[in-house]
Amino acid sequence: MQTPTPNQLAAREAIREVANRYAYGVDRLDADCMRSAYWPEAIDNHGVFVGNAWEFVDRVMSSHDRWAWTMHTTSNHRIEVADGADNATGEMFNVSYLMTADRSEIHVWYGRYVDRYERRGDEWRIIHRTCVHEGTEVRTGVTPMPIDTHLFA
């Protein structure tokens, strides 16, 4: 592997910001933020939904409001971008935690996002995403830690 150029490093950081906007948008049910991660004609393959990514955002806004909270965490984001290229590929791990409304269960999703990105002008966004399922679990009987959690913001 060669040392990345400054342009490649800048592209990687911009793409990481795209991934962060997606996760933040899902967790805060912020459709505009989530949409900003995708180009308008992007495709998202989330298994239960395959189609236009902006339509997927609308589906998430209605399906995720049943959770008390969600936390999408991503890691090991590997991005391949040629110097000066207007497209890139990426793959990252995703562990998502979804707390039921009655707060008695946490559903945990394990998977990967496999993405293709495009740059238009100075902006990078997802043009195609495939969500790969690796496993799930449900943690029942969830009880809070024995600390004064009401003191936290």
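Now for a quick tour of the structure. (Residues numbered from 1 in each chain as written. Predicted model: local features only at pLDDT ≥ 70, side-chain atom pairs only at ≥ 80, totals over all residues. Heavy atoms only, no water.)

1. A short note on the overall build of the protein chain
Part 1 of the reasoning: The number of helices and strands found in the protein chain is three helices and six strands.
Part 2 of the reasoning: The linear arrangement of helices and strands in the protein chain, starting from the amino end, is α-α-β-β-α-β-β-β-β.
Part 3 of the reasoning: Once the C-alpha set of the protein chain is aligned to its principal axes, its extents read approximately 50 × 35 × 30 Å.
Part 4 of the reasoning: Burial status across the protein chain gives 39% buried among its 153 residues.
Part 5 of the reasoning: Sequence separation of 24 or more characterises 54% of the internal contacts of the protein chain that already satisfy a separation of 6 or more.
Part 6 of the reasoning: Averaging the positions of the 16 positive and the 23 negative side-chain charges in the protein chain gives two centres separated by 2 Å. (Helix = DSSP H or I, 4+ residues; strand = E, 2+ residues; numbered from the N terminus. Buried < 20%, exposed > 50% of the residue type's maximum accessible area, 1.4 Å probe, protein only. Contact = heavy atoms within 4.5 Å. Lys, Arg positive; Asp, Glu negative; His and termini not counted. Charge placed at Lys NZ, Arg CZ, Asp CG, Glu CD.)

2. Focus on a nonpolar patch on the surface
Part 1 of the reasoning: Together, Met-145, Ile-147, Leu-151 and Phe-152 give the surface a local cluster of nonpolar side chains, amounting to about 480 Å² of exposed area.
Part 2 of the reasoning: Position of Ile-147 among the secondary structure elements: in the segment after strand 6 (123-140). (Patch = residues over 30% accessible without salt bridge, like charges linked within 9 Å, V, L, I, M, F, W, Y side chains within 5 Å. Areas by Shrake-Rupley, 256 points an atom, 1.4 Å probe, with all protein chains shown as cover. Salt bridge = Lys/Arg side-chain N within 4 Å of Asp/Glu carboxyl O.)

3. Some words on the side chain of His-46
Part 1 of the reasoning: Checked against the element boundaries, His-46 lands in the loop between strand 1 (38-45) and strand 2 (50-52).
Part 2 of the reasoning: Only 2.5 Å separates the side chain of His-46 from the side chain of Asp-44, close enough to count as a polar contact.
Part 3 of the reasoning: With sequence-adjacent residues up to four places away left out, His-46 is seen in contact with Tyr-22, Phe-56, Tyr-113, Arg-129 and Cys-131. (Polar contact = N/O pair within 3.5 Å; in protein donor to acceptor, adjacent residues only side chain to side chain.)

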